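One letter stands for each residue in the lines below.
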Amino acid sequence: MANCIVRGCTGAGYWGAVQMFGGLVEDCVITNNLFTRPDNSQGNGGGVSMHGGGTLRNCLVAYNRGNRTGGGVYIRSYNNKNAALVTGCRIIGNTLYNEAVSGGGVQAEGGVVEKSLISGNRGKNATSGIGVRVAGGTVRNCVITGHSGYAVGAGAYVSSGSLLNCTVYGNS
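### Let's talk about the pattern of salt bridges
At step 1: This structure, assessed with the given rule, holds three salt bridges.
At step 2: A salt bridge links Arg 57 to Glu 26, with the nearest nitrogen and oxygen atoms 3.1 Å apart. Of this pair, Arg 57 sits in strand β8 (residues 55–57) while Glu 26 sits in strand β4 (residues 24–26), placing them 31 residues apart in sequence.
At step 3: On the basis of relative accessible area, Arg 57 is assigned to the partly exposed category, the value being 29%.

### Things to note about the pairing of strand β11 (residues 73–76)
At step 1: Pairing analysis gives four bridges linking strand β7 (residues 48–51) to β11, with the strands arranged parallel. Counterpart to His 51 in the pairing with β11 is Arg 76.
At step 2: With four bridges joining them, β11 and strand β15 (residues 106–109) adopt parallel strand pairing. The residue bridging Val 73 from the neighbouring strand is Val 106, located in β15.

### With respect to the sheet that holds strand β22 (residues 167–169)
At step 1: Strand order across the open sheet formed by seven strands is β1-β5-β9-β13-β17-β20-β22, with parallel pairing between neighbours. Whereas interior strands pair on both sides, the edge strands pair on one side only; in this sheet they are β1 (5–7) and β22. Adjacent strand axes in the sheet meet at a mean angle of 5° when their direction is disregarded.

### A short note on the sheet that holds strand β18 (residues 122–123)
At step 1: Taken together, the five strands give an open sheet; going across it, the order is β2-β6-β10-β14-β18, and neighbouring strands pair in parallel fashion. The open sheet has two edge strands, β2 (10–11) and β18, and neither has a second partner.
At step 2: Strand direction decides the pairing type here: strand β14 (residues 95–96) and β18, joined by two bridges, are parallel. Within the sheet, the bridge partner assigned to Leu 96 lies in β18 and is Gly 123.

### Notes on a nonpolar patch on the surface
At step 1: A contiguous nonpolar patch, built from Val 158, Leu 163 and Val 168 and spanning about 190 Å² of accessible area, is present on the exposed surface.
At step 2: Tracing the sequence through the fold places Val 168 in strand β22.

### Concerning the nonpolar core
At step 1: Among the nonpolar cores identified, the biggest contains 26 residues, and Val 48, Met 50, Leu 56, Val 73, Val 86 and Val 106 are the most heavily contacted of them.
At step 2: Of all the elements in the fold, those that place two or more residues in this core are β3 (18–20), β7, β11, β15 and β19 (132–140).
At step 3: Among the elements that take part in this core, β19 stands out by supplying three residues, more than any other.
At step 4: The residues touching Met 50, leaving out its near neighbours within four places in the chain, are Met 20, Thr 55, Leu 56, Val 73, Tyr 74, Ile 75, Arg 76, Ala 84, Leu 85 and Val 86.

The rules behind these values
- Here the residue index of a chain counts from 1 through its sequence in written order.
- For a predicted model such as this one, the threshold for reporting local features is a pLDDT of at least 70, and the threshold for listing and counting side-chain atom pairs is 80 or more; totals across whole chains, interfaces and linings nevertheless cover every residue.
- Think of the side-chain values as coming from all heavy atoms in the structure, minus any hydrogens and water.
- The salt bridge definition used is simple: a Lys or Arg side-chain nitrogen within 4 Å of an Asp or Glu carboxyl oxygen.
- Under the DSSP-based scheme used, a helix requires at least four consecutive residues in state H or I and a strand at least two consecutive residues in state E, with every element numbered from the N terminus.
- With a 1.4 Å probe rolled over the protein chains alone, any residue whose accessible area is under 20% of its type maximum counts as buried; one over 50% counts as exposed, and the rest are partly exposed.
- In short, DSSP must find at least two bridges between two strands for them to pair.
- Axes here refer to lines fitted to C-alpha atoms; in helices the fit is confined to the stretch in contact. Angles between the N-to-C directions go from 0 to 180 degrees.
- In this analysis, a patch consists of residues with relative accessible area above 30% that form no salt bridge, clustered at 9 Å for like charges and at 5 Å for the nonpolar side chains Val, Leu, Ile, Met, Phe, Trp and Tyr.
- Per-residue and other accessible areas follow the Shrake-Rupley method at a 1.4 Å probe size, with only the shown protein chains counted as cover for residues.
- Among the buried residues, those of types Ala, Val, Leu, Ile, Met, Phe, Trp, Tyr and Cys that are joined through side-chain atoms within 4.5 Å form a nonpolar core.
- Note on contacts: a residue pair is in contact if any heavy atoms of the two residues lie within 4.5 Å.

As structure tokens, then:
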């Protein structure tokens, strides 16, 4: 998928407006989408959910909402096979709400996020990593800024995986 706008989607499924199990999403705008589950059991990736592979390149992922993890982008690469890649993206102003867990901007449970701006994401009741939560993936060469909240590691929180050569500032 290239040069597309995905806007205003609402769903009560498990994953976001754009679900990737491989393939390429490039030069797209993914904005103002809402994904939730009434029982708060899921709602991962309000904008984009990547499972086991695929590439998200040069996209704007902004102002999406999810209720569990990864308000903007949720990445899960099983055993790092066919690891997902997010590169050159702007992940801005996404929100977690209800009983949110972590990763208002990005929740990386595998895969790689690189060369991206992650800014101004929010997490109501989030426990960790409002900007980025790394739980098995790698985040490198990114700028992570402008996140605030009550969570541990408002900008970035790493429980496993790597945060490499990133500029993290202006978070509180």
